[in-house]
Amino acid sequence: MVVTDRYAVVGNPIGHSRSPEIHTAFAAQTGQDIDYRRELAEPGGFVDFARHFFAAGGCGLNVTVPFKLAACDFADRLTERARAAGAVNTLKRESDGSILGDNTDGAGLVADLLRLGWPPRGQRILLLGAGGAGRGAILPLLQEAPAALHIANRTPGKALQLAESFAGMGPVSGGGLEDIPGQYDLVINASSASLSDEAPAIPASILAPGCRAYDMVYGPEPTAFMRWAAERGAETADGLGMLVGQAAESFWLWRGVYPEVEPVLARLRGGL
């Protein structure tokens, strides 16, 4: 009897997740036989959930808020990008039964930037926010060889500390929102401001001519950050492509085949 491989996305809340739709489309596209579901875990209950899921034959988990740090601790070993991010959004049961932890968020961001024709190589990049979303993006961005990567955060010390932890990996610096040095070719909003429909409090002078502005948040309408940037002449994009891109990275880790992002992205965009 052929057993369908089981996968899931786990979080709290979880009802909004588009992951089952995305991975089901990837599976149909690539001829993979998987069962992928949403799973709700109670606060503090992630480890018990994950242990039971894998013991019962589960093959892989996507992990969302608020369990990415717990997933990092749960994994038996981590990829380089998961170690750098200090958080895990993808777990895979290896052939020996051990659990591999990965973070595909930053790779999904870079893949979407490349899809948009916005390659980070040689660019001056400003990253807004020093939380988990921003942290996961730093190593993948540095691996693309930007001219500079500056992290700006409402709490300057947090950005400085984050920059110092990546200092040996590329041209990275950090500071507050009020004293951002220079101008930037690409501004990436990884702060939580867009969740409350607010634009980060940054000066327009940081936008270089021809600047591009990317918001990790997505929705049916442009975010406040995107509107702010567009009014000042920047080309803008939201994070829906990053969502599909990070899912494609997870799918490749699990199944060894890389799906086509564009048709799935178009389907999701039409459903917003």
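Treat the numbers as computed from the prediction; the structure is a model and nothing was measured.

Peer 1: Explain the overall build of the chain here, please?
Peer 2: For the chain, the count of helices and strands is ten helices and twelve strands. Expected size for 272 residues packed as a compact globule is a radius of gyration near 19 Å; at 19 Å, the chain falls within 12% of this value. Across the 272 residues in the chain, those meeting the buried criterion constitute 53%. Counting contacts in the chain only where the partners sit at least 6 residues apart, residues at least 24 apart contribute 66% of the total. A total accessible area of about 12,000 Å² is found for the chain, and carbon and sulfur atoms account for 51% of it. Across the chain, the 23 positively charged side chains and the 30 negatively charged ones have centroids separated by 2 Å.

Peer 1: When you look at the side chain of His-150 in this model, what are you seeing that I'm missing?
Peer 2: Inspection of the secondary structure puts His-150 in strand 8 (residues 148-153). Here Ser-173 takes part through its side chain, which lies 2.7 Å from a polar atom of the side chain of His-150. Residue contacts for His-150: discarding those within four places in its chain leaves Ile-125, Leu-126, Leu-127, Ser-173, Gly-174, Gly-175, Ile-180, Pro-181 and Tyr-184.

Peer 1: For this particular structure, what's the right way to read the packing of aromatic side chains?
Peer 2: The geometry of two aromatic rings is summed up by the distance between their centres and the angle between their planes. Scanning the entire structure with this criterion turns up nine aromatic pairs. Aromatic pair Tyr-36 and Trp-254: ring centres 6.3 Å apart, planes at 50°, arrangement tilted. Of the two residues, Tyr-36 sits in strand 2 (residues 34-40) while Trp-254 sits in helix 9 (residues 240-255), which places them 218 residues apart along the sequence. The exposure class assigned to Trp-254 is buried, which follows from its relative accessible area of 8%. Aromatic pair Phe-225 and Trp-228: ring centres 6.4 Å apart, planes at 20°, arrangement stacked. With Phe-225 and Trp-228 both in helix 8 (residues 224-231), this residue pair falls three residues apart, about one helical turn. Here Trp-228 falls in the buried class, since its relative accessible area comes to 12%. Within the aromatic cluster, the residues linked to one another by ring pairs are Phe-46, Phe-49, Phe-53, Phe-54, Phe-67 and Phe-74.

Peer 1: What exactly am I supposed to notice about the pairing of strand 11 (residues 207-215) here?
Peer 2: Looking along a regular strand, one sees side chains alternate from face to face of the sheet. Note that strand 10 (residues 184-189) and strand 11 share five bridges and pair parallel. Note on strand 11: the bridge partner recorded for Val-187 is Ala-213. Bridge count between strand 11 and strand 12 (residues 235-237): three bridges; the pairing is parallel. In the sheet register, Tyr-214 faces strand 12, and the bridge partner there is Ala-237. Between strand 11 and its parallel partner strand 12, the chain crosses via helix 8, and the hand of that crossover is right-handed.

Peer 1: Honestly, the pattern of salt bridges in this entry has me stumped. Any pointers?
Peer 2: Enumeration according to the criterion identifies 16 salt bridges in this entry. The partner of Asp-102 in a salt bridge is Arg-81, with the nearest N and O atoms 2.7 Å apart. Linking Asp-102 in strand 6 (residues 99-102) with Arg-81 in helix 4 (residues 80-85), this pair joins segments that are 21 residues apart in sequence. The exposure class of Asp-102 is buried, given its relative accessible area of 2%. Using a relative accessible area of 23% as the deciding quantity, one classes Arg-81 as partly exposed. Here Arg-212 and Glu-235 are joined by a salt bridge, their closest N and O atoms 3.5 Å apart. In this pair, Arg-212 sits in strand 11 while Glu-235 sits in strand 12, placing the two residues 23 residues apart along the sequence. A relative accessible area of 25% places Arg-212 in the partly exposed class. Classification of Glu-235 as partly exposed rests on a relative accessible area of 42%. Members of the salt-bridge network, linked through shared partners, are Arg-77, Lys-92 and Glu-94.

Peer 1: Teacher, can you tell me more about the nonpolar core here?
Peer 2: For soluble globular proteins, the rule of thumb is that nonpolar side chains tend to be buried together. Formed by 27 residues in total, the largest nonpolar core has its most connected members in Leu-109, Leu-141, Ile-151 and Ile-188. Sorting the residues of this core by element identifies helix 5 (105-115), strand 7 (124-128), helix 6 (132-142), strand 8, helix 7 (156-165) and strand 10 as the ones contributing at least two each. In terms of residues, this core owes the most to one element, helix 6, which gives five residues. Excluding residues within four positions of it along the chain, Ile-151 makes contact with Leu-127, Gly-129, Ala-130, Ile-138, Ala-159, Leu-162, Ala-163, Val-172, Ser-173, Gly-174 and Gly-175.

Peer 1: Would you mind going over the packing of helix 5 against helix 6 with me for this structure?
Peer 2: Between two packed helices, what matters for the description is the angle formed by their axes and the separation of those axes. Interaxial distance between helix 5 and helix 6 falls to 7 Å at its minimum, and their mutual angle equals 55°. When the axis of helix 5 is compared with that of helix 6, the two are oblique. Relative to helix 6, the crossing made by helix 5 is right-handed. Taken together, the residues of helix 6 that come into contact with helix 5 (itself represented by Gly-106, Ala-107, Leu-109, Val-110 and Leu-113) are Gly-136, Ala-137, Pro-140 and Leu-141. Of the residues that constitute the contact of helix 5 with helix 6, the class distribution is seven nonpolar, two polar and no charged.

What counts and how
- Along each chain, residues carry numbers from 1 onward, in the same order as the chain's sequence is written.
- In keeping with the predicted nature of the model, local features appear solely for residues at pLDDT of at least 70, side-chain atom pairs appear and are counted solely at 80 or more, and the whole-chain, interface and lining totals rest on all residues.
- Note that the side-chain values use all heavy atoms of the structure and ignore hydrogens as well as water.
- A run of H or I in DSSP counts as a helix once it spans at least four residues, and a run of E counts as a strand once it spans at least two, with each numbered from the N terminus.
- Between the two quantities, the radius of gyration covers C-alpha atoms and the globule rule is 2.2 Å times the number of residues to the power 0.38.
- Think of it in three bands: with a 1.4 Å probe and only protein chains considered, a residue is buried below 20% of the maximum accessible area for its type, exposed above 50%, and partly exposed in between.
- Note on contacts: a residue pair qualifies if any of its non-hydrogen atoms lie within 4.5 Å across the two residues.
- To be clear on the numbers: accessible area is Shrake-Rupley with a 1.4 Å probe, and residue cover counts the displayed protein chains and nothing else.
- The convention is simple: Lys and Arg are positive, Asp and Glu are negative, and His and the chain ends are not counted.
- A charged residue contributes its charge at one atom only: NZ of Lys, CZ of Arg, CG of Asp or CD of Glu.
- N or O atoms within 3.5 Å of each other form a polar contact, as long as, within protein, one can give a hydrogen and the other can take it, and as long as residues adjacent in sequence are counted only when both atoms are side-chain atoms.
- Pairing of aromatic rings covers Phe, Tyr and Trp, the last counted by its six-membered ring, and requires centre-to-centre distances within 6.5 Å; plane angles under 30 degrees mean stacked, over 60 mean edge-to-face, and any other angle means tilted.
- The criterion for strand pairing is that DSSP finds at least two bridges linking the strands in question.
- By convention, a crossover is right-handed whenever its connection, traced from the first strand over the helix to the second and viewed with the strands pointing away, goes clockwise.
- The working definition used for a salt bridge is a side-chain nitrogen of Lys or Arg within 4 Å of a carboxyl oxygen of Asp or Glu.
- As used here, the term nonpolar core means buried Ala, Val, Leu, Ile, Met, Phe, Trp, Tyr and Cys residues forming a set that is joined through side-chain atoms within 4.5 Å.
- For helices, the fitted line uses only the C-alpha atoms of the stretch in contact; every axis is such a line through C-alpha atoms, and the angle between N-to-C directions lies from 0 to 180 degrees.
- Oblique is the label for every angle not falling under 35 degrees (roughly parallel), over 145 degrees (roughly antiparallel), or within 65 to 115 degrees (roughly perpendicular).
- Should the near helix be turned counterclockwise from the far one by less than a right angle, the crossing is left-handed, whereas a clockwise turn marks it as right-handed.
- Amino acid classes used here: Ala, Val, Leu, Ile, Met, Phe, Trp, Tyr, Cys and Pro are nonpolar; Asp, Glu, Lys and Arg are charged; the rest, including Gly, are polar.

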